[in-house]
Each structure stands twice: as C-alpha cells, then as structure tokens.
Amino acid sequence: MTDKKSHPSLLGATLAIVQKDLAAEFRSRELFSAMLVFSLLVIIIFNFALELDIEVRRTVAAGVLWTTFAFAGTLGLNRSMAVEKDRGCMDGLLLAPVDRSAIFFGKAISNLVFMLVVEAIVLPVYALLYDEMRIFQPGFLGVILLGSIGYIGVGTLLSTMSVQTRMREVLLPILLFPIAIPVLLAAVKASSGILSGAEWAEIVTPINILILYDVVFIAVPYMFFDAVVEE
Amino acid sequence: MQSKPIALTILDVVSIIVLGISTYLALVFAPTEAVMGEVQRVFYFHIGTAWIGLLGFIIAAIAGITYLVTKDLKWDRFEVAAVEVSTVFFFLTIVLGSIWARPAWNTWWTWDPRLTTAAVTELIYIAYFMLRQGIDDPDKRARFGALYTLLGGISAPITFMVIRLFRTIHPVVIGNQSAAAQGGFSMSSDMKVAFFFALFAFTVIFVDLIWHRVRLGALQEKVEQLKLKLSD
Amino acid sequence: MIEVRKLVKRFGLKAVLRGLDFTVQPGEFVALLGPNGAGKTTFLRILASLSRPSLGEVRVAGYSLPNEAAQVRARLGVVSHMPLLYPDLTAEENLRFYARMYGLENQSARITEVLEMVGLEKRRGDLVRTFSRGMQQRLAIGRAVIHDPEVMLFDEPYTGLDQDASEMLDEVLKSVAARGRTVVMTSHDLARAEDLATRFDILSRGVIAASTTQAELKNTNLLAYYKQALAD
C-alpha cells in the first residue's frame, strides 16, 4: 500500500513545536517571570553571602553568573516539560506522524530560547549593579551561548525523564547537576579567563571541552530520545 | 538456578584467600616506604578498590548500552550489580585515600581532579538509584537507568578533564618523576609484588561480588514471578 | 480496519494483555468495556502507537505496529479524557499547531471547517484556558479529526463532564468524530456506550471475554449482558 497521507518534514515539525512554545510563553510569561525573578534573587543573595567587594567580584563574577543560570535553567526545564505532561500534550506530540527527534529538537530549542532570553536580561542587570562592562564582549557572550547549548541539550533529555518519575520536579537537579558539571565548570573557567583578559592559550582548552560536550550531549539525546518517550 | 553453583562457592573461598594474601603482602611483606612511613601501606588497597570502582563504572555503562540495544532485562541486572559494587568501592577508595592524605597532604580532602571526579561519580550513582526508585514499570526503569549510566559514563571523563584545568596535587604513581614532591614515590620490586597482587585480588573479589549480585537479581525476579502466579 | 492477533503486553513480569485477539471491520463502532485494571487503556495505547506490544501482531488501517507507526499515526485520531490542548494558546492556534504537526495543506480552510463542525467558530480567538470542560472536550475532538483520520480511538471521553456537557459531547462524537469512520471506545458509562456503539466487547483478565452486537442485544440490555459476561 502506498502512503498517500502527507507527513511534515523534521524541520517543519521542529519549528511548529518551537513556535507553539514561544507563542504560549510570550502570552503567559509564567516561565520567564519565574526564571527572571529567581535569577535576580540569587544574585542578591550572592552579593551578601560572598561580600562581593570589587576585588572578589572580579574573580567570582563568572561563577556567580553560571550558578544563577544553572538554577534558573532547571526551573525553566521543569516547567517546559510539565506543560506537556500535565494535560497529556506529550501524547498529542507522540501521536503526530513526526520523527521523535523533532520533539527533542523542538523542546530543546524552545528551552534554549527561554534560557537565552533570561540571560539577556540578567547580564545587563548584573553589569549595571556591579559596573562590570567587560561582560559585553563577543568572547564572553560566545561562551555563554556554548555553555547554555550543552546544559539545555542534556537538561531537555533529563527533564523528559524526571517528569515521568514519582518525584518529578525534585529529581531534575539531582539528575542534571552531576552530569552537567563539566559544562558548568568549563564555562566558568573560560568566561572568567576572558574576563581577566587571559591569553588565548589558557582559554582554548575549556572552550574545546565546551564544544566537545555540546556535540556529545546533543548527539546522545538525539539517538536515545525514543527510549525516553516510548512505553 | 535454585541452589548456589559450586563454581561460585569456590570463587568465594578463592576471594577470601587472595584478600588474605593481599593483606599480608601490603602490611607485612612490602617494605616500609622511606618518606611517608607505614601509612603508605594503605595505598595498595586504595589502588585495588579504585581499580574495581572504575571497572564497575565502565562495565555498567557497557551493560547499559547493551540493554538499550537488546532490551534483555538480564543486562539490566548486570548494570545494577556493577553500579552497586562500584558505588561501595569508590566510597572505600575515597575513605582510604583520605586516611593517606591526612599525613601526606596535611588534609583529609582536596579538590583534586581524581578526588572530585570520584565524588561526582558517587553523586551520579546516588541520582541513579533515586531515578530507578521513582519508576514502577520495570522496562522503563531499566531503560532510564541504562541511559543514565551511559550519560554518566560519558560525562565523568569530561569532568576529569575539566577539573584538571583548575589544579592538582594528586600523585601520578607510575612513571612520573616530578610527582615525588606531591607524595609520589617509585616502587621497589617487593612493593610491585604487593601492588600487582592487590589489583589481582580485588579483580577476583569484584567478579565474585558481581556474580552474587546478578544471581540475587535473578532470584528476586523469580520471587516476583511466583508471587504473580499466586495472585492469579 | 484493525486487526490484532495474540497480543501480549507485559510490564516487567506482569502480563496485562494475554494473547488478545481483536478485529474491527471498516465503519464499525466498538465499545470496549471491562472492570478497572482489565487492560482497556493499555490496549488503546497500543492501538494508538503510544505503547509497544510485547508480543503479537497489530495492524491498524493496513499498517503494522510498531514498525509502520508513522503511517498509522497519520490515519488515526485520539480523543482521551485529557484534552491534549495548550491552555495558553487560542483554539485556532491549537488547531494550527496540530495541523502543522500532521503536515496538512490548506490549513486555514481546514481549521475553519473543523471549528464550525464542533461549534466553536465564535470562540476561535479565545484562549483555551477560558473554555469550560465541555468546550475543551469539543475542541479536543476537533483536534483529533483535523487530519481526517480513518480510525478514531476514544479513551473514556466523558470523564469529568456533567450531564449536559456529556449530551453535547454525544452529539459531536456521533456527528463529527464517528461518521464514516471506524471507532474503538473505552467507557465506564454503559448507557452512553449502548447508545453509540454497534458492537460491545468485554475485556477481562487481558483477553476479550465476550462480544455482542447492537442487533443481538435487542431483548436484553447491555448492563445485564455485561454482568453475565463478567460472572462467567
């Protein structure tokens, strides 16, 4: 029998999911506001917990920012997957005649956009609060992008898993952080190197590790996403 | 299946014997190290436990991939066995290392790549057990577990690479002269005997424990099966 | 239209479906009845390609599962007790999203057509979160038929609806979802099932225990038949 029904392309289905997520989020702004308020609170707490005077600030800026992004990121990942799970929409996605990797890429790209939007707001606020204009340089922003890609890649896979367990939201950071340590530490190393104006030779290794991590942790979820959503 | 295989009983006895010999070699036979003194003797078991912790870690990742390909629950049992044994022995490694580090480095703990990676690996294992606990469907539990060991198996070496960028004081024991200042040392031939025998002894113990754990898993499944039959 | 041979579904060791045989002719409306835990939902999820069979053969609309799942999915609509809709999107945006996921052409025309069929054309620009439960369920039917499927599956579609909403849903199910299509429905509501379906299959202990048709039921009612079948 020939297949006369039309099927959407991988790209078409991926874009449909991304646009759906962005449209819903730009309307409700639930996820943005939660991530954003949370990020600002973390920065305020760090300010007093670490006594961020000028000297300390120069050395820990990258660490403070990445810790903030990591925590805010788990909020976003959890919420984005709960939206699919709570009203059975995940089944709706799985019922469509699209490749499962379209679902992974669609959700991952939406999650990445959410994280980048939050970063785009948090970074200028941080720069203003601490008069830290050095963060607006291409190298630093590039590292933020590379780090976010790897973190979201593995985070999207793990949030799809955690949302199906009994502990749900609570489990995601426990699953995600030990696996994401390389990407977080490499990002901290590279970005603090860039901030302190280190030689290229010193920051090239962490950047290479970031790229390696990004490639691997997009490829592995892509290959095994079926195993996470099937029954 | 029901009664314990004779080969396993023999392996149990052999394990105890080699552990005894290895203890003797480490505590009596090997000469006292000149700089560090008696505390260096902990090193033989430290390496032995670290070796099978690592072996278990690698075997778990391989068993995980094999499960994902074959979907045979036998590999899931193998993976759980390897993770459990590895969890215990990595923990022992860390404890033994701390006992050695206190006099050698003047601290119980340091954020060195090997130590940190071992600690992160322990956390991955704990997350693994929590993940499995939260899933009722055995097939899904096996699938998620396998995938998680695979992710852990890939990320742990990268963790090691990254932390090395920060700093290290851990000695590289074999084939590195400049490490002496950090507590490294070169081994005399008697030390080498104790060293390699410890590796051998712990490998035997590892096989023995894995065998027991896989057999236990199979027996658990058998019990489940019988329970289901009764309730029908 | 649907052919199932010796279907077995196990969760770990526990067999939920045990060698189930099931055939549906084109145009038939089959109600699957049975007590909780009989495997109705599991069976429907297998037909919907959401769950893999452990053993046995499943063919839907001429394609076999799970190997030709994409072809089956393009010909299959599902209405479940959950709406599968996004509350922060409008009715129209929800339908457009699913139209894109099914790769439809002439999407706008089809969306308008579907909204008219389920009587929601006036609310097309409103957010789904402002809809009543009954309206959401009508839109869910619109979503399920957007790609004009040959086979429909209803999984407890009345759950959470009051009497009025259920009656309205009846109308829409009959006139929109079922017309000219092959339907399998699970329900606890025997009265509604009796009203809608042309054939009644009773699922018990993982197999079809009894089957009757609207015509054969003439002298007795479905409830009596159902009780009799489960007692046997």
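A brief report on the enclosed structure follows.

Parameters and conventions
Residues numbered from 1 in each chain as written. Chains lettered and ligands numbered in written order. Predicted model: local features only at pLDDT ≥ 70, side-chain atom pairs only at ≥ 80, totals over all residues. Helix = DSSP H or I, 4+ residues; strand = E, 2+ residues; numbered from the N terminus. Rg over C-alpha atoms; globule rule 2.2 N^0.38 Å. Buried ≥ 20, exposed ≤ 12 C-beta atoms within 10 Å, placed from the backbone. Contact = placed C-beta atoms within 7 Å. Pairing = 2+ DSSP bridges. Axes fitted to C-alpha atoms, helices over the stretch in contact; angles between N-to-C directions. Parallel < 35°, antiparallel > 145°, perpendicular 65-115°, else oblique. Left-handed = near helix turned anticlockwise from the far one by under 90°. Nonpolar A, V, L, I, M, F, W, Y, C, P; charged D, E, K, R; others polar. Arc of directions from axis to C-beta.

Within chain C, the regular secondary structure consists of 8 helices and 10 strands. Radius of gyration (C-alpha) of chain C: 18 Å, near the 17 Å computed for a compact globule of 232 residues. With the C-alpha coordinates of chain C rotated into their principal frame, the extents come out at 55 × 40 × 30 Å. The buried share among the 232 residues of chain C stands at 47%. Considering only intrachain contacts with a sequence separation of at least 6, the fraction spanning at least 24 residues in chain C is 68%.

This part covers the sheet that holds strand 8 (residues 182-186) of chain C. Residues and elements named next belong to chain C. Spatial ordering of the open sheet is given by 6-7-8-3-9-10, a layout of 6 strands whose pairing is mixed. The two strands at the open ends of the sheet, each matched to only one other strand, are strand 6 (76-79) and strand 10 (207-213). Strand-to-strand twist in this sheet, taken as the mean axis angle between neighbours without regard to direction, amounts to 20 degrees. Relative to strand 8, strand 3 (residues 29-33) is paired through 4 bridges, and the arrangement is parallel. What sits directly across from Phe29, in strand 8, is Val183. Packing of helix 5 (residues 133-145) onto the sheet brings it into contact with strand 6 and strand 7 (151-155), and relative to strand 6 it is tilted by some 165 degrees.

Now for the sheet that holds strand 1 (residues 2-11) of chain C. All names here are of chain C. With antiparallel pairing, 4 strands are arranged side by side in an open sheet as 2-1-4-5. Of all the strands in the sheet, just strand 2 (14-24) and strand 5 (63-65) have a single pairing partner and so form its edges. This sheet shows a mean twist of 30 degrees between the axes of neighbouring strands, independent of strand direction.

Residue and element names in this part refer to chain C. Here helix 3 (residues 91-101) crosses helix 4 (residues 107-117) at 125 degrees, and the two axes come no closer than 10 Å. When the axis of helix 3 is compared with that of helix 4, the two are oblique. For the crossing formed where helix 3 meets helix 4, the hand is right-handed. Where helix 3 approaches helix 4, its residues Ala91, Glu92, Leu95, Arg96 and Ala99 are matched on the opposing element by Gln107, Arg110, Ile111, Val114 and Leu115. Of the residues assigned to the contact of helix 3 with helix 4, the class counts are 6 nonpolar, 1 polar and 3 charged.

A pair of packed helices is captured by two measures, namely the crossing angle of their axes and the spacing between those axes. Residue and element names in this part refer to chain A. With their axes 9 Å apart at the nearest point, helix 3 (residues 54-86) and helix 7 (residues 171-195) run at an angle of 150 degrees to one another. For the crossing formed where helix 3 meets helix 7, the hand is right-handed. Every residue of helix 7 that contacts helix 3 at Thr59, Ala61, Ala62, Gly63, Trp66, Ala70, Thr74, Leu77 and Asn78 is listed here: Leu172, Pro173, Leu176, Leu184, Ala187, Val188, Ser191, Ser192 and Leu195. Of the residues belonging to the contact of helix 3 with helix 7, the class tally is 12 nonpolar, 6 polar and no charged.

Glancing now at the interface of chain B and chain C. The extent of an interface is frequently quoted as the accessible surface area lost upon association of the parts. Of the residues lining the interface, 7 residues belong to chain B; the matching set on chain C comes to 4 residues. Looking at the side of chain B that touches chain C, the elements that each hand over two or more residues are helix 5 (138-166) and helix 6 (189-231) of chain B. Considering each element in turn, the side of chain B that touches chain C owes the most residues, 4 residues, to helix 6 of chain B. The residue makeup of the side of chain B that touches chain C, split by class, is 2 nonpolar, 1 polar and 4 charged.

Opposite the 26 residues of chain A that make contact, chain C presents 28 residues. Sorting the residues of the side of chain A that touches chain C by element identifies helix 1 (10-28) and helix 4 (89-95) of chain A as the ones contributing at least two each.

This paragraph deals with helix 4 of chain C. An α-helical turn contains 3.6 residues, so any two residues separated by three or four positions project in the same direction. Residues and elements named next belong to chain C. Looking at helix 4, one finds that the buried residues are Ile111, Val114 and Leu115. Take helix 4 and look down its axis: the buried residues cluster within an arc of 100 degrees, on one side only. Residues of helix 4 that are buried sit in contact with helix 3 and helix 5. Directly beyond the C-terminal end of helix 4, a positive phi value near 70 degrees is found at Gly119.

In this structure, Pro66 of chain C follows Leu65 of chain C across a cis peptide bond, with omega equal to 0 degrees. Counting through the fold element by element, Pro66 of chain C comes out in the loop between strand 5 and helix 2 (69-74). Not every positive phi belongs to a glycine, and Asn106 of chain B is a case in point at roughly 65 degrees. Within the secondary structure layout, Asn106 of chain B lies in the loop between helix 3 (73-105) and helix 4 (113-133). Its 8 C-beta neighbours within 10 Å are what place Asn106 of chain B among the exposed residues. One non-glycine residue, Arg205 of chain C, adopts positive backbone phi at about 50 degrees. Looking at the secondary structure, you find Arg205 of chain C in the loop between strand 9 (199-204) and strand 10. Judged by the 16 C-beta atoms lying within 10 Å of it, Arg205 of chain C is partly exposed.

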